[in-house]
Amino acid sequence: APVFAVPSVTFQKLAPAPQPTPGVPPGSFTQQVPSKGSALHGDGRCSPCAWFWKPQGCHHGAECGRCHLCPATEIKLRRKAKAMAKDALKADLAANGKSDTLILD
């Protein structure tokens with residue numbers, strides 16, 4: 001579904017390509033997952049837990065809605081990929097003369 005449109009051009013929201021976690025191949029686990037949010041890790045639709053890799057750890061434990069299988073660097077990598085996609089889209093719009101006010105957040 002289109003996220004936003006410019007006359008004669010329709011853009012789709014870009015999602016970062018899912019990357020397999022080292023040591024935990026996607027789809028390799030069956031019923032044992034460290035958190036509820038980890039259940040979506042196998043197909044790349046998970047959302048990494050920011051607290052899991054911190055010294056104090058995630059206080060939600062197995063009830064956490066975020067993924068505990070993603071590596072410690074996953075949040076930063078996804079943030080960078082989103083920023084790069086946003087910058088590329090802005091550059092493309094500017095190059096095509098379509099730099100009208102556009103909110104990309």
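Everything discussed here concerns the structure shown above.
Just so it is clear, the structure is predicted and the values come from calculations on it, not from any experiment.

1. Thoughts on the packing of aromatic side chains
Scanning the entire structure with this criterion turns up one aromatic pair. Consider the rings of Phe52 and Trp53, whose centres lie 5.2 Å apart with planes at 85°: the pair is edge-to-face.

2. A word on the side chain of Glu74
Residue position: Glu74 is located in helix H1 (residues 74–95). Here Arg78 takes part through its side chain, which lies 2.8 Å from a polar atom of the side chain of Glu74.

3. What about H1?
If you check H1, its first and last C-alpha atoms are 31 Å apart, about what 22 residues at 1.5 Å a residue would give, namely 32 Å. Residues Glu74, Leu89 and Leu93 constitute the buried set of H1. For H1, the angular spread of the buried residues around the axis is 80°, confining them to a single face. More than 90 degrees from the buried face of H1, the exposed residues found are Lys76, Arg79, Lys80, Met84 and Ala95. Looking one or two residues past H1, Gly97 carries a phi angle of roughly 70°, positive in sign.

Each value, and the rule that gives it
Residues numbered from 1 in each chain as written. Predicted model: local features only at pLDDT ≥ 70, side-chain atom pairs only at ≥ 80, totals over all residues. Heavy atoms only, no water. Phe/Tyr/Trp six-rings, centres within 6.5 Å; stacked < 30°, edge-to-face > 60°. Helix = DSSP H or I, 4+ residues; strand = E, 2+ residues; numbered from the N terminus. Polar contact = N/O pair within 3.5 Å; in protein donor to acceptor, adjacent residues only side chain to side chain. Expected span 1.5 Å × (residues − 1). Buried < 20%, exposed > 50% of the residue type's maximum accessible area, 1.4 Å probe, protein only. Arc of directions from axis to C-beta.

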